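Listed below are the residues making up each chain.
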Amino acid sequence: MRLPKSVFLAAILFTVAGVVAQNPPVVEPPTADAVSRITRSIIDDGKAYDYDQHLADDIGPRLTGSRSYQQAVQWSVEQFRSLGLENVHTESFPLKAAWEPEVNAVGRMLEPHEQTLHMISVGWTPSTPGKGIRGKVVLIRNLLSPEALNEDRDKIRGNIALVDRTSVSFAKGLMPGQYFAALSSLARYGAVAVLVGGGRNANDVEYGGAGTADGSIAALPIARVGREDLQLLARLLQKGAVTVEFSYRNRIRTPAAADNVVAEIRGREHPEEFVVVGAHLDSVQAGTGAQDNGAGVASVLDAARAIKALGVTPRRTIRFVLFGGEEEWELGSHAYVAKHAAELDKCAAALITDTGSDTAYGWYINGRDDEVPALKEFAPLLQPMGGDGISHDATYLLHSDHTPFYEQGVPTLMLWTDMTRYLEFVHQPGDTFDKVEKDELAKGTAIVAATAFLIADNPKPFAARQSQAEVEKTLQEIGQYEGYEDLKKYGVKE
């Protein structure tokens, strides 16, 4: 049930009055008052919905390093400057390759009967040669077993490998680096191409995303087929031979570069200390990225607008960063962390929003229990937006731009939302602006802005920077160490 806006704002004012009345106050009265004004600005007159619509409708898909991505970069710079932020600039980072689809994938089954197949080129994979690829299909029994692949070498050689993602079983969670490396290894066993399928949603035929963990071009053409098409091919293979053909053409530039966008509200007492508020500006090829991650970018921009318009400067600097290359396993944020390694001791926290515009509940802490005391102090000011929750679920720890900061021991938070609609449409053609819920996006934005200001203006530190040993201990405790090691081995090298 959604409260009327007038009731919602009254709840904020009542809560702030309660905080101020405490003796001694948990949050200083001027800070509490500033947070009240920031959240009212976002709920009453916020621009996040408009920002998201422009990104999704007017710019569209924003593949890292593409012309539309650069258009989004320039637009973001203009927005930050128009808001009066300081130190607005871009920071370039290298790409092993820039990639865009040029001619969409078309495919069909030829044997045992003719039938159209629904598919899309997986990102960062090469074009099919000439007029396309035609060949017999062989179902891969165990993608992660070199022994099984070697046993099936004669079956794989010269044919099209079919991989059912649901059959790829990792001992301790998804290991993306290991998975992508295994896909590429099929070239060594003689496969001419790969078809991949088996997603979570029906008809997820055009599920975008990259085919490598480091922004390089994969060894083979890889096409994604819809869940139902994959199941059909697998059933038919139990009866006899299956032959397919498909083609697509991609535009590849190597090497290349892209930009992160940075802007600041400088702190009044400790400008050298800073809170990062970030989201990724890039999207995948399938949709227009309204949820992933236009919603996050819109929240960052509107948080900047509301805090700057407040006219009250926090103690520490708030640094707003829009990262590129997140969909290629955090290329931009890894580059940012590497570039700014010398000042990470001064990074009070990194707040990332990459979970769409569903109802926000608070923050994922990803095993950083030392962050809980401060968040509990902030809770009365976040509760009116429903943002006082703390999630101990670490499922998404290694899947967004907080990861490079986390790995370096910086306290991190990721916005915790319901994610129901997000997961229904993420990386698919349906990730469009009509799925964005205006009021929920505004409340999530208010949570982001309020938390950032509370951390930046608090005389006490939010949490300490962890040592490498402490980071790895925490990863072990929350069951994410193997995934961390996987990405260290196969993924982006800072």
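Look a little higher up for the structure.
So, here is what we can say about the structure in this document. Note that the structure is predicted; figures quoted are calculated from it, not measured.

**Considering the overall build of the protein chain**
(1) Moving on: Helix and strand counts for the protein chain stand at 16 helices and 16 strands.
(2) Moving on: On C-alpha atoms alone, the protein chain measures out to a radius of gyration of 24 Å, which is about the 23 Å that the 2.2 N^0.38 rule sets for 494 residues.
(3) Moving on: When the backbone C-alpha atoms are referred to their principal axes, the protein chain occupies close to 80 × 45 × 40 Å.
(4) Moving on: Nonlocal contacts in the protein chain, meaning residues at least 24 apart in sequence, comprise 85% of its contacts between residues at least 6 apart.
(5) Moving on: Carbon and sulfur atoms make up 50% of the accessible area of the protein chain, which totals about 19200 Å².
(6) Moving on: Across the protein chain, the centroid of the 49 positively charged side chains sits 3 Å from that of the 65 negatively charged ones.

**What about the packing of helix α15 (residues 468–477) against helix α16 (residues 481–490)?**
(1) Moving on: With their axes 7 Å apart at the nearest point, α15 and α16 run at an angle of 125° to one another. When the interaxial angle is binned, α15 and α16 end up oblique. Two secondary-structure elements touch here, α15 through Gln468, Glu472, Leu475 and Gln476 and α16 through Tyr481, Tyr484 and Lys488.
(2) Moving on: Split into classes, the residues belonging to the contact of α15 with α16 amount to three nonpolar, two polar and two charged.

**A short note on the packing of aromatic side chains**
(1) Moving on: Tallying each qualifying case throughout the model produces 15 aromatic pairs.
(2) Moving on: When the ring of Tyr179 is compared with that of Phe180, the centres are 5.4 Å apart and the planes differ by 55°; the resulting orientation is tilted. For the pair Tyr179 and Phe180, a shared accessibility class is recorded, and that class is buried.
(3) Moving on: When the centroid spacing of 5.7 Å and the interplanar angle of 50° are considered together, the rings of Tyr481 and Tyr484 count as tilted. Of the two residues, Tyr481 and Tyr484 both sit in helix α16, three residues apart, roughly one turn of that helix.

**Let's talk about the packing of helix α9 (residues 290–310) against helix α14 (residues 438–457)**
For any two helices packed against each other, one specifies the inter-axial angle together with the distance between the axes.
(1) Moving on: Relative orientation of the contacting elements α9 and α14 amounts to 55°, with a least axis distance of 9 Å. Between α9 and α14, the interaxial angle falls into the category oblique. Where α9 crosses over α14, the handedness of that crossing is right-handed. Here α9 contributes Ala295, Ser299, Asp302, Ala303, Ile307 and Leu310 to the contact with α14, which in turn contributes Leu441, Thr445, Ala449 and Phe453.
(2) Moving on: The residue inventory of the contact of α9 with α14, partitioned by class, reads seven nonpolar, two polar and one charged.

So, how was this worked out
- Residues numbered from 1 in each chain as written.
- Predicted model: local features only at pLDDT ≥ 70, side-chain atom pairs only at ≥ 80, totals over all residues.
- Heavy atoms only, no water.
- Helix = DSSP H or I, 4+ residues; strand = E, 2+ residues; numbered from the N terminus.
- Rg over C-alpha atoms; globule rule 2.2 N^0.38 Å.
- Contact = heavy atoms within 4.5 Å.
- Areas by Shrake-Rupley, 256 points an atom, 1.4 Å probe, with all protein chains shown as cover.
- Lys, Arg positive; Asp, Glu negative; His and termini not counted.
- Charge placed at Lys NZ, Arg CZ, Asp CG, Glu CD.
- Axes fitted to C-alpha atoms, helices over the stretch in contact; angles between N-to-C directions.
- Parallel < 35°, antiparallel > 145°, perpendicular 65-115°, else oblique.
- Nonpolar A, V, L, I, M, F, W, Y, C, P; charged D, E, K, R; others polar.
- Phe/Tyr/Trp six-rings, centres within 6.5 Å; stacked < 30°, edge-to-face > 60°.
- Buried < 20%, exposed > 50% of the residue type's maximum accessible area, 1.4 Å probe, protein only.
- Left-handed = near helix turned anticlockwise from the far one by under 90°.

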